[in-house]
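Summary of the model geometry
Each chain is listed here by its residues.
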Amino acid sequence: MEREIIDRDLFSKKENKKKLLSWERLSSWIHCICVVTFDLELGQALEYTYPPTAVLLEEDKTNICYLAFPDSNSGCMGDTRYHIRIRQAAGLSPQSPSSHHQLYNQKCPIFLQADSCYFYGFVYFRQVKDPSLPRGYFQKSVIVLSRLPFISLFLEVIGLIAPEFFKSGFSSIEAACHEINQWPLPFPGDTVSLPLLGTVIQAQIPSETYKSCSGTSSGVYNGLLSASTVLPSVHEINTFDCFVNFVHHIQLLWELVLIAEPIVVMASSPTKTSQMVQALVSMIMPLMYYADYRPYFTIHDSEFKEYTTRTHAPPPIILGVTNPFFAKTLQHWPHILKVADSTKPDALQKHKLKKGSNLKMLDCNPGLYTQYTSFLQKDKSIVKKLLKGIETNRPSEVQSALLRKYLLELTHSFMIPLERYMSTLMPLQKNISPYKAAPSPWPFNPDDFIASLETSGPQLTSGIKGDWIGLYRRFFRSPNFSGWFNARYKGMSHKLQILQLEALSDADLKDWVQGKQEVEVVDMILKIRCRLQQCESEEVPLSKEIRQQLQLRVDDIVCTLPDDLKTVLKTS
């Protein structure tokens, strides 16, 4: 509780340090809102961006324009809503999180952190016949860009903003931005009420102690207005609706995502691809998916050639595509998930596992095309539960909750032995000296970890049989392992730094200084200051009390020095 109060104080100080920049609150939620239209000479063109202070590099603008419309072959008439993810172009924009996103990232689940290298875009595309226009169609998209992967929340937000824009014009986007600029800063654990264009969106921002919600409202909201929308989750989608026709392959798909295998999702619309890609990425929560993924990808993307070449193996990425051209150019990819237009359970039999070489994708049926052999034996219990739910018309929200619970338990069973082993790499607290640099965690040894599985392996929490060791060894070669390990190693290193500085803050430096040369005393003072600066730059969560106590220790030993040195050290 004390730590949370400190964090909130930091939020307040950032907010009240000086007058907030005019769009600071808005930028903590979204980067900007764009309107993309079709120009007869230019093609898809950026027509409007708001607020005017938002910076987008030319490459970003080009990528947004291409992703703002479904592929011409998709034939999406009416309104289409989906989301995209693009890597921000290198250039003038900062590549480190903003101050409020840094504070947010310290307390949120790692898979919900704001990412300064990527934009999440939430697209609302409208295409209707209009004989008065040269092409005979009205085509325009409204896009909300954000650093936050709040998929459910921002799809709701764009669903409110875009129709109002098509009805009232650009003034409605400005009004929406001014309302968002009044929202509270996103703080993990808070329940927020977000007024927007006559509706109040109510949701909870997950904290680092997050547990997947059940798919129903938790009952934390009271006195709701009739125009309120309560979101069970800011980021979760209806997982079961995505996998309804792939129930038999759930565990195999989980393995492919866990080891970051290249997967291409083919569907007729960006709505389907973006939902399926998001559902795949979320299969391994709370483990973060560290490889790249693009909920919607087009032939105009700057990385198109890299992904379609046959000169080297596909990179670890999940792509969502709609253009039939990809059926030919991506035939060499090892895992292809083709989604049918129908999501009705009667299509279930069509989505069988297709194996074999020389897969021809031009006119293939829906299904999972792969030569991958699972390390683990299929757990038939979850398949039976979900199929029973289909037969009895169990609500999809309940089916999703069952599926999420199963995947969460499966991921936990896999990760708990790794977490246990990592804890053994932490040096003992008795080995931490206040007068020496903080020790580093011991190195990760895959063979030592494998040896530990006999007594602390996944068999303790999971009844699934199979080659768990083979799966772990394959996982060690994936970006998901390196990303997880680097995050855990960084966290352990920070903890050791804090413990060392705590020990130093409790040490009697007046006693230590006895018999020391002036150069040793000055060196200690400079080291303490350097470590405090290092904690600041590396975002080590050192408490205010320890900082103050260390400053007192510095003052204690400065007093033991000659006056000329005191003056120099006090002014340096």
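These numbers were taken from a predicted model, which means no experiment stands behind them.

Reading the values: rules and limits
- Residues numbered from 1 in each chain as written.
- Predicted model: local features only at pLDDT ≥ 70, side-chain atom pairs only at ≥ 80, totals over all residues.
- Heavy atoms only, no water.
- Helix = DSSP H or I, 4+ residues; strand = E, 2+ residues; numbered from the N terminus.
- Buried < 20%, exposed > 50% of the residue type's maximum accessible area, 1.4 Å probe, protein only.
- Contact = heavy atoms within 4.5 Å.
- Areas by Shrake-Rupley, 256 points an atom, 1.4 Å probe, with all protein chains shown as cover.
- Pairing = 2+ DSSP bridges.
- Axes fitted to C-alpha atoms, helices over the stretch in contact; angles between N-to-C directions.
- Phe/Tyr/Trp six-rings, centres within 6.5 Å; stacked < 30°, edge-to-face > 60°.
- Lys NZ or Arg CZ within 6 Å of the ring centre and 35° of its normal.
- Core = buried A, V, L, I, M, F, W, Y, C linked by side-chain atoms within 4.5 Å.
- pLDDT = per-residue confidence, 0-100.
- Polar contact = N/O pair within 3.5 Å; in protein donor to acceptor, adjacent residues only side chain to side chain.
- Salt bridge = Lys/Arg side-chain N within 4 Å of Asp/Glu carboxyl O.
- Expected span 1.5 Å × (residues − 1).

Quick notes on the overall build of the protein chain
Secondary structure summary: the protein chain contains 20 helices and 14 strands in total. The buried share of the protein chain, reckoned over its 572 residues, is 52%. By sequence separation, contacts in the protein chain at least 24 residues apart represent 73% of the contacts at least 6 residues apart. When the accessible surface of the protein chain is totalled, it reaches about 26900 Å², and 53% of it is carbon and sulfur.

Quick notes on the environment of Pro163
Among the structural elements, Pro163 can be located in helix H5 (residues 151-168). Pro163 sits in the partly exposed class, given a relative accessible area of 27%. Not counting residues within four places of it along the chain, the set of residues in contact with Pro163 comprises Tyr124 and Ile158.

Some remarks on the sheet that holds strand S7 (residues 199-204)
A sheet is described by the order of its strands in space; here 3 strands give the open sequence S6-S7-S8, paired in mixed fashion. Pairing within the sheet leaves two strands with one partner each, and these edge strands are strand S6 (191-196) and strand S8 (228-230). Averaged over all pairs of adjacent strands, the angle between their axes in this sheet comes to 20°, without regard to strand direction. Bridge count for S6 against S7 is 6 bridges, and the pairing is antiparallel. For Pro195, the partnering residue across the bridge sits in S7 and is Val200.

Observations concerning the packing of aromatic side chains
On inspection of all chains with the given rule, the structure shows 36 aromatic pairs. Ring plane angle 80° and centroid distance 5.7 Å describe the contact between Trp23 and Tyr50, whose orientation is recorded as edge-to-face. Of this pair, Trp23 sits in the loop between helix H1 (2-16) and helix H2 (24-29) while Tyr50 sits in strand S2 (residues 43-50), and the two are 27 residues apart along the sequence. Pair check on accessibility: Trp23 and Tyr50 agree, each one buried. When the centroid spacing of 6.3 Å and the interplanar angle of 15° are considered together, the rings of Phe150 and Phe154 count as stacked. Aromatic rings pair up to connect Trp254, Phe414, Tyr421, Phe444, Phe449, Tyr472, Phe475, Phe476, Phe481, Trp484, Phe485 and Tyr489 into one cluster. For Arg85, the ring lying beneath its charged end belongs to Tyr118, and the centroid distance is 3.7 Å.

Regarding the nonpolar core
If you look at the biggest cluster of nonpolar residues, it comprises 108 residues, and the most contacted ones within it are Trp29 and Leu280. Broken down by element, this core gets its largest block of residues, 10 residues, from H5. Excluding its chain neighbours within four sequence positions, the residues that come into contact with Trp29 are Ser146, Leu148, Phe150, Leu153, Phe154, Ile180, Trp183, Pro184, Leu185, Pro186, Leu194 and Ile205.

Brief notes about the confidence of the model for the protein chain
Summarising the model, the protein chain shows a mean pLDDT of 84, and 86% of its residues fall at 70 or more. Taken element by element, the predicted model of the protein chain shows its lowest mean pLDDT in H1 (49) and its highest in helix H8 (residues 250-258) (97). Low pLDDT, under 50, characterises residues 1-6; the stretch is placed with 6 contacts to residues that sit more than four places away or in other chains. Long-range and interchain partners of residues 13-20, a stretch whose pLDDT sits below 50, account for 9 contacts in this model, where long-range means more than four residues apart.

Section: the side chain of Asn181
Checked against the element boundaries, Asn181 lands in the loop between helix H6 (170-180) and S6. Polar side-chain contacts of Asn181 include one of 2.6 Å to the backbone oxygen of Ser22. Side-chain polar atoms of Asn181 contact the backbone nitrogen of Leu26, separated by 2.9 Å. Aside from chain neighbours lying at most four places away, what touches Asn181 is Ser22, Trp23, Glu24, Arg25 and Leu26.

Digging into the pattern of salt bridges
Scanning the entire structure with this criterion turns up 16 salt bridges. The salt bridge involving Arg474 is made with Glu261; its shortest N-O contact spans 2.5 Å. With Arg474 in helix H15 (residues 468-475) and Glu261 in the loop between H8 and strand S9 (263-266), this residue pair connects regions lying 213 residues apart in the sequence. Using a relative accessible area of 16% as the deciding quantity, one classes Arg474 as buried. For Glu261, a relative accessible area of 13% puts it in the buried group. The closest approach of N and O atoms between Asp447 and Arg473, which form a salt bridge, is 3.4 Å. One end of the pair, Asp447, is in helix H14 (residues 446-456); the other, Arg473, is in helix H15, and 26 residues separate them in sequence. Through salt bridges that share partners, Arg85, Arg87, Asp292, Arg294, Asp301 and Glu303 make up one connected network.

A closer look at the pairing of strand S14 (residues 367-370)
The side-chain alternation of S14 yields two buried faces, one formed by Gly367 and Tyr369 and the other by Leu368 and Thr370. Where strand S12 (residues 335-338) meets S14, 4 bridges bridge the pair, whose relative direction is antiparallel. Each residue of the ladder has a partner; that of Lys338, found in S14, is Gly367.

Some thoughts on unusual backbone geometry
Residues Tyr50 and Pro51 are joined by a peptide bond in cis, for which omega reads 5°. Structurally, Pro51 is set in the loop between S2 and helix H3 (58-67). Geometrically, the link from Met285 to Pro286 is a cis peptide bond, its omega value of 10° lying close to zero. Its identity is not glycine, yet Leu197 carries a phi of approximately 50°, on the positive side. Mapped onto the fold, Leu197 is located in the loop between S6 and S7.

Notes on helix H18 (residues 518-537)
For the α-helix, the turn length of 3.6 residues means that residues three or four positions removed from each other point alike. Here H18 contains 20 residues, and its C-alpha end-to-end distance of 29 Å stays within 8% of the 28 Å for a straight helix at 1.5 Å per residue. Burial in H18 covers these residues: Val521, Val522, Met524, Ile525, Ile528, Arg531, Leu532 and Cys535. Looking one or two residues beyond H18, the residue adopting positive phi is Glu539, at roughly 60°.

With respect to the pairing of S7
The buried fraction of S7 amounts to 5 of the 6 residues, a majority that puts the element mostly inside the structure. In this structure, the hairpin formed by S6 and S7 is closed by a connection of 2 residues, where Leu197 is found at a positive phi of approximately 50°. Bridge count for S7 against S8 is 3 bridges, and the pairing is parallel. Bridging across to S8, Gln202 finds its partner in Val230.

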